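Residues per chain are reported as follows:
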Amino acid sequence: MTDHALCSTVLSAPKIAIIGGGLTGLLTATLLERASNQTGSSSNSPQITIFEKSRSVGRLATRYRSDSETGKNWQWSFGAQFFTAKTTDFQQFIAPWLDTGLLQPWCAEVVELTPADDNGQSPNIQSKEQWDAVHARYISTPKMTSWGRELAAALNHTTIVFKTRVAPLAQYLQSQNQKQSQNQTYNQNSKQTELFDETGASLGWFDWVICTAPNGQAVELMADSGFNQQDKITKPQMQACYTLMLGWDDVQKLPETLKSQLAPQWDVAYLNSAVLDRIFIEHQKPARDELLPSVTIHARNDWSEAYVDEDIELVKEQLLQAAKQALNWNEASAPSQTDCHRWRYAATIVNQDTKELGILVDETKQWIVSGDWCAKGNIESCYRMAQQTVKAVMQTQ
């Protein structure tokens, strides 16, 4: 369904709450605003509020540090490294940002890497493929967070409230029951929902509540609320991911495995490892020329899930040991910067037998549970779930 098709029905200015300022939330707000703009009347513009628990938008996380001597940065995309655009709708949607250069294709050289073993065998690197512009992987420049911030800045009828945790929706039912027991006035037939923060303060009344949190968090937000799709939230299985971030002071200090003189030269490595999954060389990406040498390593999801509740410093030590075997550094070529991040809900398990869930809608309460995990767990899924959400909202207007 194209943006134009989404706009064929007239919105009647509903008040909409979106829980979560990740890409699903931002894209949902964007498509809702576009739908209302097609009506030609500002009075029909929805009043959208995005509640985000962190201090910034978008889940395309970027971490960086500045070197005090050079003023240059190390930079790591420690969330999603890239995204694809396989459907015509999504290709058309991202086209304006490709024109400006904010989004760019990443034609990476990809290798398969077998780490060094305990017998002193060096890492083995074999060419695998080159990502091309036809089946492009896209990145946001100069940081992966840049696109999310650009989406947020372009919103005209949306308020983003940061550092706010929305309380489970069961608190709304408790409030209504309390008013009823105290014979206070309330509209029993109203479809509006009052949201509260974790301190119990009211966040306002809304015609629609759209939850875009990962499914583990969505379960908690919707628990005991009477949401009629509650049992389906746990159907998609999600796994954790640990991300290791490494930095060097100078290209000359890189281990031989990472130096550009090495044949074959590479940007991305798929690992034959029980611990590590992929390595990404950040400073070789488009529009990253000014970075100090920065490398991001994603652990395997199954390994991460097995150690998800371990002390993160102990996990970091295990990842560093595995990375040392993969990149083969010595004392002179060891990284000067190290960091580790844990994503508790990182990847949706997708296989041939997995049926795509799609958004979950409670039409009576006008609540929707959405997110990339409702589909294939990637960024294009964020867009497709936003499309489904807008369609569901507009069908009731």
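Everything below is about the structure shown above.
Residues numbered from 1 in each chain as written. Predicted model: local features only at pLDDT ≥ 70, side-chain atom pairs only at ≥ 80, totals over all residues. Heavy atoms only, no water.

Q: For this particular structure, what's the right way to read unusual backbone geometry?
A: Note: most peptide bonds trans; most residues except glycine with negative phi. A cis amide bond links threonine 141 to the next residue, proline 142, at an omega of 0°. With a phi close to 50°, lysine 163 is a non-glycine residue in the positive phi region. Residue placement: lysine 163 occurs in the loop between β9 (158–161) and α5 (170–181). Since its relative accessible area comes to 62%, lysine 163 is described here as exposed. Of note in this structure, glutamine 366 is not a glycine but carries a positive phi near 60°. Counting through the fold element by element, glutamine 366 comes out in the loop between β18 (360–362) and β19 (367–369). On the basis of relative accessible area, glutamine 366 is assigned to the buried category, the value being 9%. (Helix = DSSP H or I, 4+ residues; strand = E, 2+ residues; numbered from the N terminus. Buried < 20%, exposed > 50% of the residue type's maximum accessible area, 1.4 Å probe, protein only.)

Q: Sorry, what's going on with the packing of helix α2 (residues 23–37) against helix α4 (residues 145–153) here?
A: Relative placement of two packed helices is described by the angle separating their axes and the distance separating the axes. Put simply, α2 and α4 touch, their axes get as near as 10 Å, and they point 30° apart. The two elements α2 and α4 cross, and the hand of that crossing is left-handed. Mapping the contact onto sequence places Leu23, Leu26, Leu27 and Thr30 in α2 and Trp147, Gly148, Leu151 and Ala152 in α4. Broken down by class, the residue content of the contact of α2 with α4 amounts to 6 nonpolar, 2 polar and no charged. (Axes fitted to C-alpha atoms, helices over the stretch in contact; angles between N-to-C directions. Left-handed = near helix turned anticlockwise from the far one by under 90°. Contact = heavy atoms within 4.5 Å. Nonpolar A, V, L, I, M, F, W, Y, C, P; charged D, E, K, R; others polar.)

Q: Sorry, what's going on with the sheet that holds strand β2 (residues 47–51) here?
A: Adjacent strands of a sheet pair through backbone hydrogen bonds, lying either parallel or antiparallel. Overall, mixed pairing links the 6 strands, which are arranged β9-β2-β1-β12-β19-β18 in an open sheet. Bordering the open sheet on either side are β9 and β18, each of which pairs with just one other strand. Taken over all neighbouring pairs, the strand axes of this sheet differ in orientation by 15° on average, direction set aside. Bridge analysis of strand β12 (residues 208–211) against β19 gives 3 bridges, and the strand direction is parallel. Opposite cysteine 211, over in β19, you have valine 369 as the bridge partner. (Pairing = 2+ DSSP bridges.)

Q: Hey, could you run me through a negative patch on the surface in this one?
A: A cluster of acidic residues, Glu310, Asp311, Glu313 and Glu317, forms a negative patch on the protein surface. Within the secondary structure, glutamate 313 sits in helix α8 (residues 312–327). (Patch = residues over 30% accessible without salt bridge, like charges linked within 9 Å, V, L, I, M, F, W, Y side chains within 5 Å. Areas by Shrake-Rupley, 256 points an atom, 1.4 Å probe, with all protein chains shown as cover. Salt bridge = Lys/Arg side-chain N within 4 Å of Asp/Glu carboxyl O. Lys, Arg positive; Asp, Glu negative; His and termini not counted. Charge placed at Lys NZ, Arg CZ, Asp CG, Glu CD.)

Q: Hey, could you run me through the pattern of salt bridges in this one?
A: Where charged atoms from two side chains of opposite charge approach closely, those side chains can pair. Summed over the entire model, instances satisfying the criterion amount to 9 salt bridges. For aspartate 339, the salt bridge is made with arginine 63, and the minimal N-O distance between the two is 2.8 Å. One end of the pair, aspartate 339, is in strand β17 (residues 337–348); the other, arginine 63, is in strand β3 (residues 63–66), with 276 residues separating them in the sequence. Judged by its relative accessible area of 16%, aspartate 339 is buried. One salt bridge connects glutamate 282 with lysine 285, and the closest N-O pair in it is separated by 2.7 Å. By the burial criterion, glutamate 282 is buried, and lysine 285 matches it.

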